[in-house]
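# Observations on the three-dimensional arrangement
Here are the chains, one letter per residue:
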Amino acid sequence: MPLVSFSEQTKGDLILLAQLKPPHYKEFIRVAVELTKNGASPATNLALRKAAQTAGLADEERVRRATDAAATVLTECAKASVAEADFAEIVASVLQGTGATGGGGATASANAAALGEAAVTEFCGIMGEVYGANKAELRRVLGESSFGLPKYTDLEWRLDVPVATRCQRQLPVQPLYILKLHINNPSAPSPASSSAAASASAASTPSLVNDGPIVLQADPLTISNMCAQLETAISQLKASSTRRVMRNIH
């Protein structure tokens, strides 16, 4: 089963969504799918307001968070190509797990405990039906909205520590990492297409980054800073504000 992780905020908000009656959270899930496919629009905003009125929810923040949670679970699982059977298991583990914080750790834990097994099974079944019916479309939308940037495929590294030279018997320890980064560039033309393009137009500009390895050199402090920045960026991708921005880009 693919590893899919969610933030504690998403877990807590999904529990709040599951506490609604089935007809109500069905509508929220449907609106979440439409928002993911088409982005925010007057029609989806109106549908969301109607769903909130039908469910008797006056708290706009809770409505937004519940919709974001459903959209996040659906899109992240579609991105990882999770099977329908595994999807239901993932949703169940989120609803029955501990440590979810939906506006407060103790409150979220109590909300999770209040959900009975029958309610969890029914919610997972409905989410699974929606996921199965829209998985292919969600993957298509995610593919179209992604940028054509080079993608990481593999990394080889070596640590070099010079200890002496012909002129100096001892050197200050200055270790360096040699990195060989393998990437796949979607915008890089294939050999056949690039030769055809070159014969068609001699003035065509080649891609700045082609497929193949890139060799880099960095000291340990720079590597440590790069890792910290990457970890921060990955954590920001799971934020609800980032999810809303990504939905509205297209």
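Analysis parameters
- Residues numbered from 1 in each chain as written.
- Predicted model: local features only at pLDDT ≥ 70, side-chain atom pairs only at ≥ 80, totals over all residues.
- Heavy atoms only, no water.
- Pairing = 2+ DSSP bridges.
- Helix = DSSP H or I, 4+ residues; strand = E, 2+ residues; numbered from the N terminus.
- Axes fitted to C-alpha atoms, helices over the stretch in contact; angles between N-to-C directions.
- Phe/Tyr/Trp six-rings, centres within 6.5 Å; stacked < 30°, edge-to-face > 60°.
- Buried < 20%, exposed > 50% of the residue type's maximum accessible area, 1.4 Å probe, protein only.
- Salt bridge = Lys/Arg side-chain N within 4 Å of Asp/Glu carboxyl O.
- Parallel < 35°, antiparallel > 145°, perpendicular 65-115°, else oblique.
- Contact = heavy atoms within 4.5 Å.
- Left-handed = near helix turned anticlockwise from the far one by under 90°.
- Core = buried A, V, L, I, M, F, W, Y, C linked by side-chain atoms within 4.5 Å.
- Patch = residues over 30% accessible without salt bridge, like charges linked within 9 Å, V, L, I, M, F, W, Y side chains within 5 Å.
- Areas by Shrake-Rupley, 256 points an atom, 1.4 Å probe, with all protein chains shown as cover.

## Describing the sheet that holds strand β2 (residues 176–184)
Strand order in the open sheet formed by 3 strands is β1-β2-β3, with antiparallel pairing between adjacent strands. Two strands lie at the open edges of the sheet, namely β1 (151–160) and β3 (212–218), each paired on one side alone. In this sheet, adjacent strand axes meet at a mean angle of 20 degrees when their direction is disregarded. Pairing geometry for β2 and β3, over 7 bridges, is antiparallel. Paired with I178 across the two strands is Q217, which belongs to β3.

## Things to note about the packing of aromatic side chains
We describe a pair of aromatic rings using the distance from one ring centre to the other and the angle between the two ring planes. Per the counting criterion, the structure on display carries 3 aromatic pairs. Between Y25 and F123, the aromatic rings sit 4.8 Å apart at their centres with planes inclined by 75 degrees, giving edge-to-face as the arrangement. Here F123 lies in helix α7 (residues 117–145) and Y25 lies in helix α2 (residues 22–38), a separation of 98 residues in the sequence. Of the two residues, Y25 and F123, both sit in the buried class. Judged by centre distance (5.9 Å) and plane angle (55 degrees), the rings of W157 and Y177 are tilted. Of this pair, W157 sits in strand β1 while Y177 sits in strand β2, and the two are 20 residues apart along the sequence.

## Points about the pattern of salt bridges
Any two side chains of opposite charge can pair if their charged atoms end up close together. One pass over the structure, following the stated rule, counts 8 salt bridges. Measuring nitrogen to oxygen at the nearest pair gives 2.6 Å for the salt bridge that ties E27 to R30. In this pair, E27 and R30 are both assigned in helix α2, 3 residues apart and thus about one turn of the helix distant. The class for R30 is partly exposed, based on a relative accessible area of 40%. Here the salt bridges do not stand alone but share partners, grouping E61, R64 and D68 into one network.

## Section: the packing of helix α1 (residues 8–18) against helix α5 (residues 84–96)
Taken N-terminus to C-terminus, the directions of α1 and α5 make an angle of 95 degrees; their axes are 9 Å apart at the nearest point. Judged by the inter-axis angle, α1 sits roughly perpendicular to α5. Seen from α1, the contacting residues are K11, L14, I15 and A18; seen from α5, they are V91, V94 and L95.

## Looking at the packing of helix α4 (residues 60–79) against α5
For the pair α4 and α5, interaxial distance at closest approach is 11 Å and the crossing angle is 140 degrees. Taken as axis vectors, α4 and α5 run oblique relative to one another. For the element pair α4 and α5, the recorded crossing hand is right-handed. Only F87, I90 and V91 of α5 make contact with α4, whose side of the interface consists of V73, L74 and C77.

## Considerations on the environment of E60
Here E60 is to be found in helix α4. Each C-alpha atom of the pair E60 and R49 lies 8.8 Å from the other, and the pair is 11 residues apart in sequence.

## Re the nonpolar core
Ranked by internal contacts, the top residues of the largest apolar core, which has 44 residues, are L17, I29 and F123. Ranked by residues supplied to this core, first place goes to α4 with 9 residues.

## So, the pairing of β2
Of the strand pairs in this sheet, β1 and β2 are connected by 9 bridges, and their pairing is antiparallel. Note that in β2 the partner of K151 across the bridge is N184.

## Details of a nonpolar patch on the surface
A surface patch of nonpolar side chains, about 530 Å² in accessible area, is lined by W157, L159, V161, V163 and V173. Relative to the elements of secondary structure, V163 occurs in the loop between β1 and β2.

## As for unusual backbone geometry
The phi angle at S81 is positive, at roughly 55 degrees, despite the residue not being glycine. Among the structural elements, S81 can be located in the loop between α4 and α5.

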